[in-house]
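Here is how the chains run, residue by residue.
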Amino acid sequence: MTDAHAQSELSSDALAMLTEQVFANMKFASQPLEDLVKAAQRYQALMEQAAEAGSAFVDALGKVAVTAARARGATSELGGSFQKVVGRHVALIAEKQNQARKFTHQFIVPLQKRLKSDVKTFNKMEDDFKSMTKHYKSDLKKAGKSTVTAQKLATKGKDATALETALKTMMAKSREFEEFNQKCLRSALIEERRRYCYLVDNYYSVFQPEFPSTDQAMLSETLAAAENPEELPPSSEALIAQNSSGAGSAPPSPRLQPSAITQEIAAHHRALPPGAPPGGLSMMSPTPDQINPRARTNTSSVRAQGNLDGVLAEQFGRLPGGHVRK
């Protein structure tokens, strides 16, 4: 019993340390993402300027083609053919303008919203984790004192069954604490995974057409790796298992439900919540309406807010000892 308790306690410490590292990583990654937003805004502004300049260029070129078609130097056929080329060039410029708008509404704006909510979400997750950890450790400390008292009575030949009961109670509390740490680590890893999965999905939906056909397999491989933001890959599940004693074995957390803001936007814009479109947003055929902010908001990019407070309320809503957390 004592050895099992010690092993469970060591596992809980290891799992808690990993969870704290994930929190630190998420905070550290916020600055590079903020830099990405600034770079994206500069890039998008230049894309719009280039599209405007390109539009002026093809407009002038079209006038020259018309002039050539009307000339008397046997250039009527050449001018007419050139007009078709210019017309195709106009369509290419329009695609660039469309991409610039998509870049704003399907990449920059969603990323800004996620970063804004990240600060509150991560702080809430970390605060809940620390608060619940204190309660579990307090309960373990009480169980340890009860065990010491029962051991003293047993050595005096009084109430021998009390020691066995106290040891069982302490072991049960250790298992509960380990399961709590498993669930917290899994939730933190999922939250960290989400931000990058949505980022890849949004990037792909804007820039995939720019890559040649020879690169499509590479892009598809990356998109497939980001296909299920709410599920951990086997390597992450193995990490949790390797740092667990086996005494407390929490099953994989259920898929986290979209937040209230995500559901509201999905209902309003008749779009699916994060992770729902098969293959992500990039697998959906883009239309001009999709880049209209009145017609479409990229719900795949709206960050689920307050995840761990909801997860903790559902998964560990009761504190050690059966008390309901206020």
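Anything mentioned here points back to the structure above.
Structure report, in brief.

What counts and how
Residues numbered from 1 in each chain as written. Predicted model: local features only at pLDDT ≥ 70, side-chain atom pairs only at ≥ 80, totals over all residues. Heavy atoms only, no water. Helix = DSSP H or I, 4+ residues; strand = E, 2+ residues; numbered from the N terminus. Buried < 20%, exposed > 50% of the residue type's maximum accessible area, 1.4 Å probe, protein only. Contact = heavy atoms within 4.5 Å. Areas by Shrake-Rupley, 256 points an atom, 1.4 Å probe, with all protein chains shown as cover. Phe/Tyr/Trp six-rings, centres within 6.5 Å; stacked < 30°, edge-to-face > 60°. Lys NZ or Arg CZ within 6 Å of the ring centre and 35° of its normal. Core = buried A, V, L, I, M, F, W, Y, C linked by side-chain atoms within 4.5 Å. Axes fitted to C-alpha atoms, helices over the stretch in contact; angles between N-to-C directions. Parallel < 35°, antiparallel > 145°, perpendicular 65-115°, else oblique. Left-handed = near helix turned anticlockwise from the far one by under 90°. Nonpolar A, V, L, I, M, F, W, Y, C, P; charged D, E, K, R; others polar. Polar contact = N/O pair within 3.5 Å; in protein donor to acceptor, adjacent residues only side chain to side chain. Expected span 1.5 Å × (residues − 1). Salt bridge = Lys/Arg side-chain N within 4 Å of Asp/Glu carboxyl O.

1. Description of the overall build of the protein
Summing up its helical and strand segments, the protein has eight helices and zero strands in all. The N-to-C order of helical and strand elements in the protein reads α-α-α-α-α-α-α-α. Across the 326 residues that make up the protein, the buried fraction comes to 39%. Pairs at least 24 residues apart make up 85% of the contacts formed inside the protein by residues separated by at least 6 positions. Counting only carbon and sulfur atoms, one obtains 56% of the accessible surface of the protein, whose full area is about 18300 Å².

2. Some remarks on the packing of aromatic side chains
Inspection of every chain in the model, using the stated rule, returns 10 aromatic pairs. Ring geometry for Tyr43 versus Phe103: centroids 5.6 Å apart, planes at 75°, classification edge-to-face. In this pair, Tyr43 is assigned in helix α2 (residues 30-70) and Phe103 in helix α3 (residues 76-155), connecting sequence segments 60 residues apart. For Phe103, a relative accessible area of 2% puts it in the buried group. Over the ring of Tyr196 we find Arg195, and its NZ or CZ is 6.0 Å from the ring centre.

3. Examining the environment of Lys142
Position of Lys142 relative to the elements: it lies in helix α3. Judged by relative accessible area, which is 55%, Lys142 ranks as exposed. Along the chain, Lys142 and Met170 lie 28 residues apart, while their C-alpha atoms are 8.8 Å from each other.

4. Describing the side chain of Ser12
By the element assignment, Ser12 lies in helix α1 (residues 2-28). The buried category is assigned to Ser12, whose relative accessible area is 1%. Residues contacting Ser12, with those up to four places away along its chain left out, are Ser174, Phe177, Glu178 and Asn181.

5. Description of the environment of Gly246
Structurally, Gly246 is set in the loop between α6 (234-242) and α7 (260-269). Note on Gly246: relative accessible area 51%, which makes it exposed. In sequence terms Gly246 and Ser8 are 238 residues apart; their C-alpha atoms lie 8.0 Å from each other.

6. Concerning the nonpolar core
Counting 21 residues, the largest nonpolar core has Phe180 and Leu185 as the members making the most contacts within it. Among the elements of the structure, α1, α3 and α4 (160-207) are those that each provide at least two residues to this core. Residue contributions to this core peak at seven residues, all from α4. Counting residues in each nonpolar core, the second largest holds 13 residues, with Leu33, Met47, Phe103 and Ile108 among its members.

7. Structural notes on the packing of α2 against α3
Helix-helix packing: each pair is described by the crossing angle between the helix axes and the interaxial distance. Interhelical geometry of α2 versus α3 gives an angle of 165° and a closest axis separation of 8 Å. Our classification of the angle between α2 and α3 gives roughly antiparallel. Both α2 and α3 take part in a crossing whose hand is left-handed. Tallied by class, residues from the contact of α2 with α3 come to 24 nonpolar, 15 polar and two charged.

8. Some points on the side chain of Gln106
Structurally, Gln106 can be placed in helix α3. By relative accessible area, Gln106 is classed as buried at 4%. At 3.1 Å, the side chain of Gln106 forms a polar contact with the side chain of Ser205.

9. Points about α2
Across its 41 residues, α2 extends 60 Å between first and last C-alpha, which sits within 8% of the 60 Å expected from 1.5 Å per residue. Within the span of α2, buried status applies to Ser30, Leu33, Val37, Ala40, Gln44, Met47, Ala51, Gly54, Val58, Gly62 and Ala65.

10. A short note on the pattern of salt bridges
Under the defined criterion, the tally for this structure stands at 10 salt bridges. With its nearest N and O atoms 3.8 Å apart, the salt bridge here joins Lys96 to Glu210. Taken together, the positions of Lys96 in helix α3 and Glu210 in the loop between α4 and α5 (216-225) put the pair 114 residues apart, joining distant regions of the chain. When its relative accessible area of 43% is taken as the criterion, Lys96 is described as partly exposed. On the basis of relative accessibility, which here comes to 40%, the residue Glu210 falls in the partly exposed class. The partner of Asp118 in a salt bridge is Arg195, and the shortest N-O contact between them spans 2.8 Å. Of this pair, Asp118 sits in helix α3 while Arg195 sits in helix α4, placing them 77 residues apart in sequence.

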